[in-house]
Every structure is written in structure tokens, then in C-alpha cells.
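What the coordinates show
Read off the chains here:
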Amino acid sequence: MTQEKIMERYLDAKEQYEKIGVNVENALERLSAIKISIHCWQGDDVKGFLNPDGELTGGILSTGDYPYAARTPEQLRQDAELAFSLIPGRHKFNLHALYVDTDEEVDLNEIEPRHFEKWVAWAKEQGIGLDFNPTFFSHPMYKDGFTLSHPDDRVRSFWIEHGKRARKVAAYFGKELGQPAYNNFWVPDSSKDNPIDRLSPRKRLMESLDEIFEEEYDENLTVDTIESKVFGIGGEAYTVGSHEFYMGYGLTRKKTILMDAGHYHPTEVISNKISALSLFSDKLMLHVSRPVRWDSDHVVIMDDELQEIMREIVRGNLLERTAIGLDFFDGTINRVAAWVVGVHNTQKALLKALLEPTEDLKSVELSFDFTSRLVLTEEYKNLPFGAIWDYFCQINHVPVGLDWYEIVKKYEKEVQSTREEVEN
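Here is what the cut-offs are and how they apply
- Along each chain, residue indices are assigned from 1 in the same order as the chain's sequence is written.
- Reporting of local features is limited, given that this is a predicted model, to residues whose pLDDT is at least 70; pairs of side-chain atoms are given and counted only at 80 or more, and all residues count toward the totals for whole chains, interfaces and linings.
- The basis for every side-chain value is the complete set of heavy atoms in the structure, and neither hydrogens nor water enter the calculation.
- UniProt positions are given in the numbering used here, feature names are shortened, and annotations may be inferred rather than shown by experiment.
- Note on conventions: DSSP H or I runs of at least 4 residues are helices, E runs of at least 2 residues are strands, and numbering of each starts at the N terminus.
- Contacts are assigned to residue pairs that have any heavy atoms within 4.5 Å of one another.
- Whenever a nitrogen or oxygen atom comes within 3.5 Å of another N or O atom, the pair is scored as a polar contact, on the condition that within protein one atom can donate a hydrogen and the other can accept it, and that pairs from neighbouring residues in sequence are kept only if both atoms are in side chains.
- Lines fitted to C-alpha atoms define the axes here, with helix axes fitted over just the stretch in contact, and angles between the N-to-C directions of these axes take values from 0 to 180 degrees.
- Convention used here: angles under 35 degrees read as roughly parallel, angles over 145 as roughly antiparallel, angles from 65 to 115 as roughly perpendicular, and any remaining angle as oblique.
- Three classes are used, and their members are as follows: Ala, Val, Leu, Ile, Met, Phe, Trp, Tyr, Cys and Pro are nonpolar, Asp, Glu, Lys and Arg are charged, and the others, Gly among them, are polar.
- We define a salt bridge as a side-chain nitrogen of Lys or Arg found within 4 Å of a carboxyl oxygen belonging to Asp or Glu.
- The cut-offs for exposure are 20% and 50% of the maximum accessible area for each residue type, with area from a 1.4 Å probe on protein chains only; residues under the lower value are buried, those over the upper are exposed, and the others partly exposed.

What follows covers the UniProt feature "binding site: Mn(2+)" (unreviewed entry) in the protein chain. Feature annotation in UniProt assigns "binding site: Mn(2+)" (unreviewed entry) to the following positions: His263, Asp295 and Asp297. The annotated residues occupy 35 residues of the chain but converge on a single region, no pair of C-alpha atoms lying more than 9.7 Å apart. As for its placement among the helices and strands, Asp295 is situated in the loop between strand S9 (284-288) and helix H9 (304-315). Asp295 has contacts with Lys229, Asp260, Gly262 and His263, leaving out every residue within four places of it along the chain. Engagement of the side chain of Asp295 in a polar contact is seen with the side chain of Lys229, the distance being 3.1 Å. Within the element layout of this structure, Asp297 appears in the loop between S9 and H9. At 3.0 Å, the side chain of Asp297 and the side chain of Ser289 are in polar contact.

Right, let's get into the packing of helix H1 (residues 3-19) against helix H2 (residues 24-32). Here H1 crosses H2 at 105°, and the two axes come no closer than 9 Å. Viewed along their axes, H1 and H2 adopt a mutual orientation that is roughly perpendicular. Taken together, the residues of H2 that come into contact with H1 (itself represented by Tyr10, Lys14 and Tyr17) are Val24, Glu25 and Leu28. Its residues assigned to classes, the contact of H1 with H2 comprises four nonpolar, no polar and two charged.

Right, let's get into the pattern of salt bridges. All chains considered together, the criterion is met by 32 salt bridges. Its salt-bridge partner being Arg77, residue Glu74 comes within 3.8 Å of it at the nearest N-O pair. Here Glu74 pairs with Arg77, and both are found in helix H3 (residues 73-85), just three residues apart, close to one helical turn. For Arg419, the salt bridge is made with Asp79, and the minimal N-O distance between the two is 2.8 Å. Separated by 340 residues along the polypeptide, Arg419 in helix H14 (residues 403-423) and Asp79 in helix H3 bring together distant segments of the chain. Take Arg419: its relative accessible area is 8%, and that puts it in the buried class. When its relative accessible area of 2% is taken as the criterion, Asp79 is described as buried. Ionic contacts of the salt-bridge type, sharing partners, join the residues Glu74, Arg77, Asp101 and Lys118 into one network.

Structural data, given as C-alpha cells:
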């Protein structure tokens, strides 16, 4: 599509939105300011570089045998650079602790900022931020399904030290890059069958987290977040860090609660939780994913829940208080394409929400005119937001339409496939 055609379609769409009271230019300006935290683990099937040949444990499983997964930090950065070049705006890259980039032999309870200096240098070159996650899985000290809640003091001490060091790394990211690094604590501790004592592990988890968070960090450098889950593989009956546990912990300890779209019962949705939590917490963080019957972390598509999540954030005027991250990993398709599709859809859902005449719709609802509410919201779905999206891509100098996919296919053929030849 030519630039002239994109502009023509944009101006026509802009006129249609303006007729219902939407300031399109303001919507695009707001969208430009939103940073999406793009998860590194889609690029290599959650292997990392601490022990890349190790098996995933702790309720995590990436399936699929599509070739060309990144197997070195350099390859992962190269793949991420391509993805960033195809996504409008400036965003963040979210690292797990097992993605150390160092020649030193280092364990999780020994990590230091210096083990991530190459990541910071790269982020500065790319003009992006970094987020972080301590890694409480895929390690020999993940014992009997437990880490921070294990009854063995030696096990807990190992993981407590890891948590402390992860916070130090995240603060280093924030200082060096001039924007806070969100540091997310997800702990897989769980039981496959029904436990006798549910209380004691939760008490130990609470005490371990208290020790990890004992040191205060400036939230301009790093923001601690905590993430619940219903269950994981091998931990189907009982999860120590349940929704209720972390809701209580976060609100009493002033920690940011992270809600993952796949970490609840199948009939629960996080879109319905956002407004409630916003009343009691200054900040929120989301992991936008797509569960298929369970927490299977499929690539984000433009489904109803994704759109409802973004509407809730926009309608509640919560954009400045909400950090948005992605969390999916699919080893059955090209991994760079998965990144691009997921981020594009997240941005498109945000754009659709920003192009809604929210205040007018609220006024209709407040007058209890439910017929107009239904008619208008359904009719607005037909407005040409796609023309606005294409224009947004054009002014951000990224490919429009399917042009980005041709670039990914060429990259796979000319770059990724040659890696396999070298390795084999």
C-alpha cells in the first residue's frame, strides 16, 4: 500500500471518528507513550543461558520443535532487534535471571549487576528499558516442588539470597537506563496432591519474602511486583502463592500486584479484576497472555478478553498506573513472528480502546439508557480502526500490513537458518 493510500484511508477514518467525538491525534499520542514489556523467553523457549541444556521445571513447559530458537545471548538480542524494528514505538525487554550474559561460572544466588552489563549496553544502544524476574525454577535447588516455602532452611536461604540479588540487578537496570525496572516475583511452590498443611508453607513464603524485601529501593529505580497462580504442571492440587495470598501480601506490604491473564480459574478474567484492585493499589502490572483451557501461554491474539483488558485500563484512566507486559512462549512457530503478532495485537487493542468516546458512553450509562449503550458500543465496532493503525505504523517508520512478515521470512532464511547449519 502506498503512503498516499495510507494517508487517504487515515483521513477518511479520522473523519468518521471525529463525528463521534474522538480526538484521533490525541489517541495516537497516548498510544505512542505506552511501553510494552516484551518477554525475552519467547525467543528461546525459556531455556536461558545459566543452564541452557537443563529441563524446565516448576510448572513451566514450552512445546514445539520449530527450528531456529536463539541459543546464545547474541542470537537472542539479534532476534529481539528485528522484532523491535517491526513494532511501533519504544518499549522494554523483560529478562529472567537465568539469562545472564557472562563468561563467569555463576549460580543464581551469586548474580551481580556485572553479569548483565552486556544487556544494559545493548538496551542503551536500542533506546529501550529493561525489566527483570528472579528465576525460581529449572535449578537443582528447586526441591520437592518448593523454593521460598521449603521447610529446609538451607533451601530457603539459597532462594532468599537469589531474590535479594535479583532486586539489586533490577535497581542497576533502572539507574543505568533512566526508567524503573519492574522486577516480578513468581514462585512456583506447589503440591501435586492434596497437602495436610496448607498454612505452614504460606507462612514460610511470607517470611521469606519479607526478608527479601527488607532493603528499601527507590521506585524510580525498581518496582517489586508479585504474581499469583492457580496451579502448575506437577502442582495441580495446591499452590502456595495463590491469588488470595498475594493480594493480601501486596496490599499489606505495599508491593505491586501482577495479574497474569492465564493464572486464574478458566471462567475468571483479569479484565473484571482491574478496577477493583485499582481502588486499593497505587500501581498495577499485567502479564497479557492467552490461556487455552489453562495457563498455556499462547501468543496473544485480538480476542474479546484482550480488548476488554485494554478497555478497562483506558476507561478507568489507569494507563499511567498500569505496567503492561507480555507472557507467552510458543515453540511451534517462528519465534520472532510470535513476538511481533503479540505486541501488535496488544497495541491494536489499546488503540481501539483509545478511539472510543468513553465519556459519552459513561454518560449514556449513567442515565440508565442501556439500549443506547448496547447499540452504540456494537456500532462503533464497525469503525475503521485498521486505517488508523496503518497510519500509526507509517509515522513510526515500521512496515504496514503484512510487509513485516516478509521481512521475518527473509531473516529466517538468511540469518536464522544459517545458525542451525553452524551448530550442526
